[in-house]
Amino acid sequence: MKVRVDPEVCQGHGVCHMTAPDLFLLRDEDGQAYVEREEVPPGEEGLAQLAADSCPERAITVD
Ligand code: SF4
């Protein structure tokens, strides 16, 4: 499973980071979310999907 954050859409609410802090990090400058690795570690697929479903801006895609 791969996960991505669209920087054009992310508004920095931080819900993804609260949901899955190991997957989504927030930039100090503007609070925008990013992932260090697009490949989701085994066992964390559910968290990645939950974060995507919880993002108010629909900025997260998983596939
Ligand atoms: S929840 Fe969505 S809008 Fe908020 S920081 Fe995460 S990716 Fe960005």
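The structure we're discussing is the one just above.
A short tour of the structure in this document, coming up. (Residues numbered from 1 in each chain as written. Predicted model: local features only at pLDDT ≥ 70, side-chain atom pairs only at ≥ 80, totals over all residues. Heavy atoms only, no water.)

### Here's the deal with the nonpolar core
Across soluble globular proteins, you tend to see nonpolar side chains buried next to one another. What counts is decided by this rule: Nonpolar cores were defined as sets of buried Ala, Val, Leu, Ile, Met, Phe, Trp, Tyr and Cys residues, with membership established by side-chain atoms within 4.5 Å. Any residue under 20% of the maximum accessible area for its type is buried, any over 50% is exposed, and the rest in between are partly exposed; the area is computed with a 1.4 Å probe on protein chains only. Helix and strand assignments follow DSSP, with helices taken as H or I runs no shorter than four residues and strands as E runs no shorter than two, numbered in order from the N terminus. Residue contacts are defined here by distance: any two heavy atoms, one from each residue, within 4.5 Å place the two residues in contact.
Counting residues in each nonpolar core, the largest one holds 16 residues, and the members touching the most others are Val 3, Val 5, Cys 16, Leu 23, Phe 24 and Ile 60. At the level of elements, β1 (3–5) and α2 (45–54) are the ones that each hand at least two residues to this core. Broken down by element, the residue count for this core peaks at three residues, all from α2. Discounting chain neighbours no more than four positions away, the residues touching Leu 23 are Tyr 34, Val 35, Glu 36, Val 40, Pro 41, Glu 44, Leu 47 and Ala 48.

### Let's talk about the pattern of salt bridges
Quick note on the threshold: In what follows, salt bridge is the name for a side-chain nitrogen of Lys or Arg lying within 4 Å of a carboxyl oxygen of Asp or Glu.
Throughout the structure, instances matching the rule amount to four salt bridges. Between Arg 4 and Glu 38 there is a salt bridge; the shortest N-O distance is 3.4 Å. Of the two residues, Arg 4 is situated in strand β1 and Glu 38 in the loop between β3 (33–34) and α2; the sequence distance between them amounts to 34 residues. Looking at Arg 4, the relative accessible area reads 31%, which means it is partly exposed. Residue classification places Glu 38 among the partly exposed positions, given a relative accessible area of 36%. Here Asp 63 and Arg 4 are joined by a salt bridge, their closest N and O atoms 3.1 Å apart. With Asp 63 in the segment after β4 (60–62) and Arg 4 in strand β1, the pair connects residues that are 59 residues apart, well separated along the chain. Asp 63 gets classed as exposed once you look at its relative accessible area, which sits at 57%. Residues participating in the shared-partner salt-bridge network are Arg 4, Glu 38 and Asp 63.

Nothing here speaks to function; it is geometry throughout.
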